[in-house]
Structure formats: C-alpha cells, structure tokens
Number of protein chains: 2
Amino acid sequence: MPSTPRRLLRLLRLCAAASASVLILVLGRSLALAADGGSGQAAAHSDPMAIVLLAAALVIALAVIGRGAAGRFDQPDVLGELLIGIVIGNIGYQFGLPVFAVIMHLHEAGALFHEVWTTGATVTEAATHLFGEAAARPETGIGLFVQAAEASDSAWLLVGLTLWLFSNIGIILLLFQVGLESSVREMRHVGGRALAVAVVGVVLPMVLGYGISAVLVPGAPASTHLFVGATLTATSVGITARVFSDLGRLQSREAQIILGAAVIDDVLGLIVLAVVVGIVTTGGLVLGEAVRIVVISLVFLGGVLILGPHVVRAGLPAFRALDRSRAKLLYPLALCFVLSWMASYIGLAAIVGAFAAGIIIEEAIFAEPDPGDQQTLADLVRPLEAVFAPVFFVVMGMQVNLRAFLDLHVLMLASALIVCAVGGKVVAGAVAGSDVDRATVGLGMVPRGEVGLIFANVGRGLGVMDEALFGAIVVMVVVTTLITPFTLRWSLARGRARTETP
Amino acid sequence: MPSTPRRLLRLLRLCAAASASVLILVLGRSLALAADGGSGQAAAHSDPMAIVLLAAALVIALAVIGRGAAGRFDQPDVLGELLIGIVIGNIGYQFGLPVFAVIMHLHEAGALFHEVWTTGATVTEAATHLFGEAAARPETGIGLFVQAAEASDSAWLLVGLTLWLFSNIGIILLLFQVGLESSVREMRHVGGRALAVAVVGVVLPMVLGYGISAVLVPGAPASTHLFVGATLTATSVGITARVFSDLGRLQSREAQIILGAAVIDDVLGLIVLAVVVGIVTTGGLVLGEAVRIVVISLVFLGGVLILGPHVVRAGLPAFRALDRSRAKLLYPLALCFVLSWMASYIGLAAIVGAFAAGIIIEEAIFAEPDPGDQQTLADLVRPLEAVFAPVFFVVMGMQVNLRAFLDLHVLMLASALIVCAVGGKVVAGAVAGSDVDRATVGLGMVPRGEVGLIFANVGRGLGVMDEALFGAIVVMVVVTTLITPFTLRWSLARGRARTETP
C-alpha cells in the first residue's frame, strides 16, 4: 500500500496529466476548427466511427465506475452497472440531451426508422403517425427523441444502434459463458426439478395476475386480465445469471435449476402468449398452436442437447485443420452465434441458443494440445464478455424511465403486480427440492426483464391494455429486475451462513 | 495423426451430424412457419439481432476458410481473408443477392441513409438524386443495392452496418495490438529514418503521378494531374501490419520504420490534400492551412507520445481501485478508443490514435500482480482482435468490385498508375538505411487502401476527375493493396534467407 504523501503525489500527477490532455484536445480542436474554416478540407478522415468509439469508451468507463461503487457497498457488480445507467441516463434525459433520448427510446427508434425508410415520410410525419401528437412536442420524452433523430447528423442514431448491438452481443456472450460453466449431464440431472419450478412459476403468477387484475380493474374485459397474467409469467434470467457469476456461484445447484427453469419458461411463455392471443382474437382455445410450439421447442432443444455434443466434436477437426491457432475461440463462438440465430429463428429467445451452445461445448474437446496454447476456452471468451456484457446492463439502466414512477395510480397498480410477481416465483422456488436453498431459486426467477415487456406490448397492440396498466407493467418489470441483485445476494449470503453454522 | 479409416469414420459422423442439424433446422422452421400461419404470434422473440449473429458467424467461417486456404499455399492469413472476400462477395454480387449489394456499396449506403432521413424522400428518389439514373435500373450494381435497401425489411442494411462496425472495430484493435508490440523508445529510435521514408514516399509518387497523368491524359487541366499525384501519396498500413503480425515479424526494425512512416504519411497526406484542394479551388498556395495541420498533428502526436505514458501510469491506480479484475483489459481498451476518437476528431485517421495508444501502453505498468491474473495484456486483447480484425479484411475483399477490371481503357490507365505507385514507395524504402532490408520497407509502404480512395473521392467531388480516371485509381488501390501480402512475404523470406547464409 502506498503511503499518503505518495498517494497525494500520484493524485497531483494525475490531475496535471489530465489537464494537459484536455488542453491538448481543446487546442487541437480549435486549431482543427480554424483550419476547417480555412478551406473545409481538414477533416479528410471525418469518420462516423469516431463518435461510436467515444461512446463505447464512455459506457465502459461508466460500467467501471458503477462496479467500483457497488463494490464499496459489497453489492454485485451488475447492480452498480444498472444503477449508474439509471442515474446518468435519467439525468441526461431530463436535461434533454439527444443521445440519452435516443437510448431511452431505442425500441421506438427501430419502428421510426422502418416507417421513414419504407414510406418516404419525413421523420416528424412518421413519428406523429407512430407515436401521436406527443411526438411533435419536444418537452415530452418522445418528442425530444424525435428532435434528436431528426437533427441532420444521424450520429446519435448510430451511437444508439451501436449500443443496442453491443448490448445484445454482451447478453449473448454472458449466457454463452454461463452455459460453458454447465454441462449436458448437469442440466439433465436438475431437469425434472427445473421443469417443476418453471411450471409452477408460470401457472401461479398467471392465476395471481388474472385475479389481481380482476380486483383492481373491475371494468375491464377478461382478455385484459388474461394479458396481465401472461406478462407475469415471464422470466428473464440475464440479471440472475450475472449475479451468480459476480458472486462465483454459477456452479451451485440453485444456479443450474434456475437456468434450466428459465429455458423451459421461455418455451412456456411462448405457449401462454399464443394461447392468450388466440383466446383474445378468436375467442377460443388454439390447442394446435400450443402443441406446435411444444414440438418445435422440443425438437430444437432436444436436438441440440442430444446431437449437439457429437456435432461439435465431429466438426472440430475440420475447423482446426483450417485455422489451428484460432479454432479454440472461433469455433465455439461461431457455434454460439449460429445456435442463437436458430433459437431466434424458431421463435425462442436468442439467449436460449447461446446458453445451449455453452452447455454442449466442453473444454475437454480441446484436450489435444495446440501449439503455444495455454489459455482455456473460458480465458479466451472472458475478455469479449468483459467488454460487451456490462454494456447490456448499463444500457438497460439507461432505458429505465423514472418518469414512469411519477404517477400515483400507476404506482399503486404496479405495487399489487409486484407482490404477485415476486410471490408467484418465490412460491415456485419451493418445489425445487429440500436439498437446495429454495428461497434462492425462487428469488432468482423473479426478474421479468424484456420478456414481460414484449408480452405487454402485444397486449397494447391488441387494444386490451390501457396506458395506466402498461405503465404499471413497466414499473413491475423494472422493480422485479432491479431488486434481484439485492435479494439474491442477501439470500445467497444467508444460505452460506446457514451452511457454515451446522 | 489419426489413421485413414478413423478419418473416414470421423468424416461420416460429421456428415451425419450435419445432415441431422440441417434436418432439425428445416423441420423446426417449417413447424414455426406453420405455427406462424396459425395465428401470427409464434415469433414473439423475432429479433433483428438474430440475422446479425448469423452474418457474424458466416463471416467468421469465411475468414477461417480463407486462412486455411492461404495456409495450404504458405501465404499470410490476411491474403486468404481478402481473396475469399473477393470471391464470395463478387459471386453474390453477380447473382444479385441483396446483402452482397449492400456490402459492396456500403459507402453509398451512408449517403443514401442521410438523404432519406433528412429530406423525407423515398429511397428511390434519394438514390436517383445521389447516384443518377443508374440507381433506378436493377441490372446495375447500384440499382441492385437500391432495390435491396428499399425492400421493406431493413435487415440487410442492419447486416451491412454491423459488418461496417465490426470491421472498423477490427482494424482499430489490430493497430492497437500492433502498437502494443512497439514502444515509445523504439519509435523514437527509428523516428528519423521513418520521417525520411515518409517524405520521399510522398514527394516521389506525387511527382510520378503528376507526370504520368500529364502524359496519359494530355487534355486534362493541371488540377487533374495534381489530384492523381495526391492519391498516389497515401499509405494504408493495415494490410502491412497484419502481414508482419501473421509472420511474427512485428518486432523487426523494418516493421517499426514502416509503422512510423505510415503515421507521418497520414499527416503528410492531410497536408497534400489541403494544399491540392487549395490550389484547385483558390488557384493559390494555402500555406497557412498546411502549417495549421502540421501544428495540430505535432501537438497531438507529441502530446500523446511525451505526456501519454505519464497519463497512463497516473490514471491506472484510480481505474484499478474501481475495478481491479477487469482493469488490465478495459483501461487500455478505453484509452485506445478515446485516442482513436481524438485522432479522428482533429482530422487524422482513427487507426493512428489506436496505434499511438498501443505504443504508450506497456505491459510493465501492470507489473503489480493482480489476484488470479496470469494473462498478459496481449493475451487479453488477442481474442478481441481475433474475432474482429478478420472481419475487416473479409469485408474489404467483398468491397472489391471486379467489374471495375472489365474496362480496357481503365486497366491501361491503372497499370501506369500502379507502376508509379509501387515504384515511388519502393524507392522511398531505399532511404531507410543500410542495416535494414530496404526492399521490405519499400514494399510495406505500397498499399494505398481507403486513404487513396478518400482523396480520389474529393477530386471527383470537385469535378477534376472523370469516371475513367476514378475507376483507374480504384483499380490501383485494389492492386497495390492485394499484391502486398505476396510481395512482402517474398521479400521477408528473401531477407531471412540472406541473413541465414552469410
């Protein structure tokens, strides 16, 4: 440990160096601007990539600061990333900075882009068509976003798109790495219990959601209650996986059960959505639809888990013959991307494919030593995951719009939903078996993440869910996701304490 | 080595496994489609990210195959990546596949997007405005691209943008890693010789280019000859750096001189462009402009090289206090991104910043051991570079439009330009000093890459360069870039053979 005077000296040097670099930058820029004013040709390399790199560096720095802060309070890294994203994202949004408006409204950006591109409308026309009159008023969030999108340099859109891309790569790599720490054998071992947890964790929140909706929104039709129930069934396991990873507990049986149950939940969620949409639109049960989803999912997951390991082993020699030195990284990675695409292609979440890819790849298949190859597969994937996964959580934080929390009616609805959402999954954890920490399993299933939002969006599209209910679901999704790092850490610490004092 | 029967068995198993997975996919897809036909809701997760992941996996696979093929013929990896890009890219383009049209015309895509977004024109209107009547005819390349861009799913644009982003990250990471293998001390050591090589390598091609243009295009004004000369001055060092890296020769003095000269060339190129544009537009010399560029570049490069190492050392403890386990990767990477942005901000190429960041970071500053930290900085950056850098070269190959080689007049012009381009740089290598392989230095400076194209584009924009001349410059850029892996490998092998036989 350096002594205090040495620390002070370091700090002084740091400040001096930082000031010097700022000075250089400012000087350089004013010279560049002056030069640019001269003939307009100085920026020969003027490159949209530059702003992307700056944004990436800033998000990396934010994530680092967030992790540092979380570490101070002995909380999981991911909590720090989420919270700093929420704080910076909402401050920037409140101050009307375009880039934060674009990030907050990334989902709208896709639709807006599509509309502008295909219809030949201007940005404002397309936005008014898509989002109504609010889009024209810059004092609203969506209006601010439209203004930013419209500004003649599309740099903010590019930054938004890049962060979207990076965060998606991040969550794929995270689930892939989590999968690498599991094996087919382990997943089979916990399969039955994962199925039980998943089924109870879908049925119970569905029933509770229907009931609470019937009580709180008595005037609404049954289809509304059905959709509220459906949004409560989802499980988004990204946060949970990251907390287990942060705390070094991915190998625990609790983690394995949660991950298995989350994969099954993704399939069950598809079925619930199909059935609910069928009831709402046709008025009857569409059993054939549900059966089809089950068959597709079983064929995919079964095929991957049973044939996958053989395919992986069989393909490796060919890949290695082509590129011996990079095969250990690129072969698993290509497989991860392909399986993610396949999962998405048949309607499952891409991360289910990434997780499956991780499960079927074992370090052991690379046992044949490569020249100069001392790094394990995990060593090779970790740098990629370390760069991209935090982007996912910082950006997720930046998309939490605190304005949703300002409406008292919405908050009351949300509170009731949160109780059902947490209660339903915690009770589901109880069927995980007596030899695991059941509270941990239940709490790990609580976060709803983007899956709940997708369901709610479908309901809004079908006209069975009004703005207040939709807002309450957004708050429920945010809260169930944000409390998980706290509750899971608490639960894991408690479980460990119990184990250590017999 | 496995025996032949075992190999056959493996092959059979591979085929069986591959057929099984294709079957699963097809079956799953038809089921998914059937399900989708049922109620239209099966694709709850339908995710634009999926196609991006598939494209990434395919480009990774292409790069691997290209490297494997290059390895068979004992050529550098990068040559295989380029060639497979050219082959697949041009076949796909010839067959009219939208994604290849988008990749071939990525530069136009940016302009088209900007026009559609800002003017509210339809894609076709904007394209006709930007690219003329050819845009409306789908049998032309640009027409095909416009058709693809216009198709209601913007998935191909997203794929193109992603590949653009990945390839830019790739070249940044490559130059960063190359920089990591150099140090400030080494660069200072070769500084004078690099300067000499750079100056001769700018002046001589400029003079040769002016002369050959005056001979071959006698009717054109002097400003045309000036621009032809200017396009020949550029050096794009990505290919060269990669060849040295592939062959494990980055530490050689030749590599250091080339890299130093390339950085100086980037500054000189800016000056040449500013002066030439000044002469063409105002008719006189704009010395003030040139002086400004020199001052900006010296302040930036000098500031980074002199203050940089101190700033890096001073900032590390703060970064480490926040995130000890990831600091060794994320701190250098954030620095690389920030310096790339700064370089781009003042008008230099982003890769100059990335290279500078690599130079000022030394493994030694991480000497204080971290818990569980056995990986060197190079170990941590290599996986990132291994994934992204090949994308740059495959995509570069895919953007080589072989149609440009079909015009005899263009080819003759191009041949003359190529002779000047290669000759000028090879002669420049002669001033590198007698203790290095001067041919290697000269041949390493030959590739013009995108820098030459940027210059030619400015000339076309100013109306001093017609389509034939522009086409010839494109062919010159492609040829000087593509021959470099061959010539450099030959030269390095020759140099080594000479050293080993005294």
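Parameters at a glance
Residues numbered from 1 in each chain as written. Chains lettered and ligands numbered in written order. Predicted model: local features only at pLDDT ≥ 70, side-chain atom pairs only at ≥ 80, totals over all residues. Heavy atoms only, no water. Helix = DSSP H or I, 4+ residues; strand = E, 2+ residues; numbered from the N terminus. Contact = heavy atoms within 4.5 Å. Buried < 20%, exposed > 50% of the residue type's maximum accessible area, 1.4 Å probe, protein only. Phe/Tyr/Trp six-rings, centres within 6.5 Å; stacked < 30°, edge-to-face > 60°. Axes fitted to C-alpha atoms, helices over the stretch in contact; angles between N-to-C directions. Parallel < 35°, antiparallel > 145°, perpendicular 65-115°, else oblique. Nonpolar A, V, L, I, M, F, W, Y, C, P; charged D, E, K, R; others polar. 1 Å grid on protein atoms, 1.4 Å probe; cavity = no way out; pocket = protein on both sides within 12 Å on 5 of 7 lines; lining within 4 Å. Points joined across faces, edges and corners; volume = space filled by probe spheres on them.

K.L.:
Help me understand the side chain of T231(B) in this model?
P.N.:
Position of T231(B) among the secondary structure elements: in helix α10 (residues 222-233). With sequence-adjacent residues up to four places away left out, T231(B) is seen in contact with R448(B), G452(B), F455(B), A456(B), I473(B) and M476(B).

K.L.:
Please clarify how the environment of V217(B) should be interpreted in this entry.
P.N.:
Residue and element names in this part refer to chain B. Its location among the elements puts V217 in the loop between α9 (184-216) and α10. Since its relative accessible area comes to 22%, V217 is described here as partly exposed. Separated by 45 residues in the primary sequence, V217 and A262 place their C-alpha atoms 30 Å from one another. In this view, V217 contacts H225, L413 and L469; residues no more than four positions away in its chain are not counted.

K.L.:
It is not clear to me how the packing of aromatic side chains should be interpreted in this structure. Could you clarify?
P.N.:
Aromatic ring pairs are defined here through the distance separating the ring centres and the angle between the ring planes. Residue and element names in this part refer to chain B. Counted by the stated rule, this structure contains nine aromatic pairs over all chains. Here the aromatic rings of F166 and F388 are separated by 5.1 Å at their centres, their planes lie at 80 degrees, and the arrangement is edge-to-face. Here F388 lies in helix α16 (residues 377-398) and F166 lies in helix α8 (residues 155-180), a separation of 222 residues in the sequence. We note that F166, like F388, is buried. Measuring from centroid to centroid gives 5.0 Å for F319 and Y331, while their planes differ by 55 degrees, and the two rings are tilted. Of this pair, F319 sits in helix α13 (residues 287-322) while Y331 sits in helix α14 (residues 327-345); the two residues are twelve residues apart in sequence, bridging distant segments of the chain. There is no split in this pair, since F319 and Y331 are both buried.

K.L.:
Would you take a moment to explain the packing of helix α2 (residues 48-72) of chain B against α16(B) for this structure?
P.N.:
Two quantities define a packed helix pair, namely the angle between the helix axes and the distance between the axes. All names here are of chain B. Contact geometry of α2 with α16 gives a least axis separation of 9 Å together with a crossing angle of 80 degrees. As far as their axial angle goes, α16 and α2 are roughly perpendicular. From α2, V59, I60, L62, A63 and R67 reach across to α16, where they touch V387, P390, V391, V394 and M398. Partitioning the contact of α2 with α16 into residue classes produces nine nonpolar, no polar and one charged.

K.L.:
Honestly, helix α11 (residues 238-246) of chain B in this entry has me stumped. Any pointers?
P.N.:
All names here are of chain B. Of all nine residues making up α11, seven are buried, and the element is well covered by its neighbours. Those residues of α11 that sit buried are G238, I239, T240, A241, R242, V243 and F244. Positive phi appears at G248, one or two residues downstream of α11, with a value of about 65 degrees.

K.L.:
I tried to follow empty space enclosed by the protein on my own but got confused; where do I start?
P.N.:
In this approach the atoms are scanned with a rolling probe the size of a water molecule, which exposes any empty space left behind. Scanning the entire structure with this criterion turns up nine cavities of 30 Å³ or more. Its volume calculated, the largest cavity comes out at about 140 Å³. What lines the largest cavity is a set of 14 residues, and nearest its centre among them are T235(B), V237(B), A262(B), I351(B) and V352(B). Broken down by secondary-structure element, the contributors of at least two residues to the lining of the largest cavity are α12 (253-282), α15 (350-360) and α19 (449-461) of chain B. Broken down by element, the residue count for the lining of the largest cavity peaks at four residues, all from α12(B). Looking at the lining of the largest cavity residue by residue, the class counts come to ten nonpolar, two polar and two charged. The space that makes up the second largest cavity amounts to roughly 110 Å³. Of all the secondary-structure elements, those providing two or more residues to the lining of the second largest cavity are α2 (48-72) and α16 (377-398) of chain A together with α8, α14 and α16 of chain B. Counting residues per element, the lining of the second largest cavity draws most heavily on α2(A), which supplies five residues.

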